[in-house]
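What follows is the residue order along each chain.
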Amino acid sequence: MQKNYRQLKLGCYLSSISMSVVGNMPPLLFLTFRETYGISYSLLGLLILINFFTQLIVDLIFSFFSHKFNISKSVKAMPMLTVIGLLIFTVAPWIFPNSTYTGLAIGTVIFSASSGLAEVLISPVIAEIPAKDPDREMSKLHSVYAWGVVGVVIISTVYLYMFGAENWQYLAFAFTIIPVMSAILLFGAKVPTVKT
C-alpha cells in the first residue's frame, strides 16, 4: 500500500520546496530589481504584501468551501500554477518592457495562489497516506520546507555571486524545474480522499 503513495509523497515534498522557492527567492532579488529596473522599495515591499494576501485569500476560500472543489484535481493543478507564475515572473522584463513591475506582480499573484493551495492541501494529503508513524511523516513534510528555504538562500546567494545579478533570470528558470518535477509526479499519482 505504501509503495503506491511514494510518488504522491515525493510530489508533495517537491511542492513544499516550491513554496520555499516562491516565498524566498523574490526578496533576494529586490536589490537587483531596484538597480536594474528602477523599481522603488515601496513597490518591491508591496510584492510581499501581494504574496501574503493572495495566499490568505486562497487559504480562506479553501477552508470554507473545500467541499466545492475537486481536491485531487486541485492538488495536481497546484505545481502547474507555480510553474506559470514563476515563468511570468522570470520573463516580466521581456513581456512587459515598459512596466516590468506589472509582470512581477502578475507572476507573484499566480505563484502565491499556488502556495495558498499548497498550505491547505499538502498536509491533509500527507495525513491521509497510510503510514506506521503519521506524526513522523508530517514532521518530515515540514522539515522539507525548512530545508528548502536554506537551499534556496544558499543556491541563490552563490549563483548571484558567481554569475552576477544581471543573470537572475537563469536562476529563476532553473528553479522552475522543481515544480515541473512535482507536476509530473502528481499527475500520475493516486490522491487519497481528503476529509474536508
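Cut-offs applied
- Residues numbered from 1 in each chain as written.
- Predicted model: local features only at pLDDT ≥ 70, side-chain atom pairs only at ≥ 80, totals over all residues.
- Heavy atoms only, no water.
- Salt bridge = Lys/Arg side-chain N within 4 Å of Asp/Glu carboxyl O.
- Helix = DSSP H or I, 4+ residues; strand = E, 2+ residues; numbered from the N terminus.
- Buried < 20%, exposed > 50% of the residue type's maximum accessible area, 1.4 Å probe, protein only.
- Core = buried A, V, L, I, M, F, W, Y, C linked by side-chain atoms within 4.5 Å.
- Contact = heavy atoms within 4.5 Å.
- 1 Å grid on protein atoms, 1.4 Å probe; cavity = no way out; pocket = protein on both sides within 12 Å on 5 of 7 lines; lining within 4 Å.
- Points joined across faces, edges and corners; volume = space filled by probe spheres on them.
- Nonpolar A, V, L, I, M, F, W, Y, C, P; charged D, E, K, R; others polar.

What should I look at first to understand the pattern of salt bridges in this one?
Two side chains carrying opposite charge are able to pair once their charged atoms lie near each other. Inspection of every chain in the model, using the stated rule, returns two salt bridges. We note a salt bridge from Lys-140 to Glu-137, for which the minimum N-O separation is 3.7 Å. On the criterion of helical spacing, the pair formed by Lys-140 and Glu-137 is a turn pair, its members being three residues apart in helix H6 (residues 134–163). With a relative accessible area of 30%, Lys-140 lands in the partly exposed category. Classification of Glu-137 as buried rests on a relative accessible area of 10%.

Sorry, what's going on with the nonpolar core here?
Most often, soluble globular proteins have nonpolar side chains that are buried together. Core analysis: the biggest nonpolar cluster contains 27 residues, and Met-25, Phe-33, Leu-47 and Phe-89 have the highest contact counts within it. Of all elements in the fold, only helix H1 (6–28), helix H2 (30–37), helix H3 (41–65), helix H4 (71–95), helix H5 (100–128), H6, helix H7 (168–175) and helix H8 (177–187) reach the threshold of two or more residues within this core. Once residues within four sequence positions are removed from consideration, Leu-47 is found in contact with Phe-30, Tyr-101, Leu-104, Ala-105 and Thr-108. In this structure, Phe-62, Ile-71, Val-75 and Val-194 belong to the second largest nonpolar core, which totals 25 residues.

Sorry if this is basic, but what is going on with the side chain of Ser-74 here?
Here Ser-74 shows up in helix H4. Overall, Ser-74 belongs to the buried group, its relative accessible area being 11%. Here Ser-74 is in contact with Phe-62, Phe-69, Leu-117 and Leu-121, once residues within four sequence places are set aside.

Got a minute to help me understand the layout of surface pockets in this structure?
To locate leftover empty space, one rolls a probe as large as a water molecule over the atoms. Space inside the largest pocket adds up to approximately 200 Å³. Surrounding the largest pocket, 15 residues form its lining, Met-19, Val-22, Gly-23, Asn-51 and Gln-55 being those nearest its centre. Broken down by secondary-structure element, the contributors of at least two residues to the lining of the largest pocket are H1, H3 and H5. Residue contributions to the lining of the largest pocket peak at five residues, all from H1. Its residues placed into classes, the lining of the largest pocket shows nine nonpolar, five polar and one charged.

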